[in-house]
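Inside the fold
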Amino acid sequence: PGDEHLRLWLISDENRVAEFREGLWNLIYGSPTAAGLLFMRLCERAIKELYKKVAGTDPTRMTWGQVLDDLERHYTESNNAEILSLLRYLKEWRNKLAHPEKLLTQEEAEDLYVMAMRALKTVVKQLQTSSASLRTQLTTRCLPPSPAQ
């Protein structure tokens, strides 16, 4: 992605990089439902990281909905609820994708990608307390090569 903060967040974890890369491959090569699911997994990772930062507790056993409910209480108090609307929208898509009868069209997957990247950029910016320290930690790391190379 073009956003530096999002790129640094992605490359700081192997699983994030793999999910992002696999999501893009599926989007490009005509597996839109698989792409959508992978992008939703990335969003869920970011949301849980944000929750851990905001609430100070580990949300591992919490559902996406439970995390959003708790974050909503926090952001209602801070008047920063825009991101929650977007995350709830994405959660609804993720819930639809969890059912085997729902398949995404290519256009839906592309739209979902755009919305997921918007949400991720917003969440990652909120996660970063010091982008300079993150940049220092990651100066020697880069995205691994794609599976086709």
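Note that residues are indexed from 1 along each chain, following the sequence as it is written. It should be noted that, the model being predicted, local features are given only for residues of pLDDT at least 70 and side-chain atom pairs only at 80 or more, the latter also being counted only at that level, while totals for whole chains, interfaces and linings use all residues. Just so you know, side-chain values use all the structure's heavy atoms and leave hydrogens and water out.

**Topic: the overall build of the protein**
- Numbering of helices and strands starts at the N terminus; helices are DSSP runs of H or I of at least 4 residues and strands are runs of E of at least 2. Looking only at helices and strands, one finds 7 helices and 0 strands in the protein.
- Counting across all 149 residues of the protein, residues that qualify as buried make up 38%.
- Residue contacts follow a heavy-atom distance rule, with two residues in contact if any of their heavy atoms lie within 4.5 Å. For the protein, long-range pairs separated by at least 24 residues make up 62% of all intrachain contacts whose partners lie at least 6 apart in sequence.
- Computed with the Shrake-Rupley method and a 1.4 Å probe, the accessible areas treat only the protein chains shown as cover for residues. Total accessible area on the protein is roughly 8500 Å²; 51% of this is exposed by carbon and sulfur atoms. Here the term buried applies to any residue with accessible area under 20% of the maximum for its type, exposed to any over 50%, and partly exposed to those in between, with areas from a 1.4 Å probe on protein chains only.

**Some remarks on the confidence of the model for the protein**
- pLDDT expresses how confident the predictor is about each individual residue, on a scale running from 0 to 100. Taken residue by residue, the protein gives an average pLDDT of 83. The fraction at 70 or more is 82%.
- No element of the protein has a lower mean pLDDT than helix H7 (residues 131–137), at 38, and none a higher one than helix H2 (residues 14–28), at 96.
- Low confidence marks residues 130–146, where pLDDT is under 50. Its contacts with residues over four positions away, or in another chain, come to 19 contacts.

**Comments concerning the packing of aromatic side chains**
- In summary, the pairing rule links any two rings of Phe, Tyr or Trp, Trp by its six-membered ring, whose centres are within 6.5 Å, and it sorts them by plane angle into stacked for under 30 degrees, edge-to-face for over 60 and tilted for everything else. Applying the stated rule across the entire model yields 2 aromatic pairs.
- Whether a charge lies above a ring is judged from NZ of Lys or CZ of Arg, which has to be within 6 Å of the ring centre and within 35 degrees of the ring normal. Directly above the ring of Trp93 sits Lys96, whose terminal nitrogen or CZ lies 4.6 Å from the centroid.

**Section: the environment of Val123**
- Along the chain, Val123 turns up in helix H6 (residues 106–127).
- Taking C-alpha positions, Val123 is 7.7 Å from Ile83, a pair spaced 40 residues apart along the chain.
- When neighbours within four sequence positions are excluded, Val123 is seen to be in contact with Ala46, Ile47, Leu50, Ile83 and Leu87.

**Re the pattern of salt bridges**
- Salt bridges are defined as contacts in which a side-chain nitrogen from Lys or Arg sits within 4 Å of a carboxyl oxygen from Asp or Glu. Counted under the stated rule, the structure contains 10 salt bridges.
- Between Glu19 and Arg45 there is a salt bridge; the shortest N-O distance is 2.8 Å. Note that Glu19 is positioned in helix H2 and Arg45 in helix H3 (residues 32–55), a separation of 26 residues in sequence.
- The exposure class of Glu19 is buried, given its relative accessible area of 5%.
- What makes Arg45 partly exposed here is its relative accessible area of 27%.
- Measuring nitrogen to oxygen at the nearest pair gives 2.6 Å for the salt bridge that ties Asp69 to Arg88. In this pair, Asp69 sits in helix H4 (residues 64–78) while Arg88 sits in helix H5 (residues 82–97), placing the two residues 19 residues apart along the sequence.
- The exposure class assigned to Asp69 is partly exposed, which follows from its relative accessible area of 35%.
- On the basis of relative accessible area, Arg88 is assigned to the partly exposed category, the value being 27%.
- Among the charged side chains, a network of salt bridges with common partners joins Glu19, Arg41 and Arg45.

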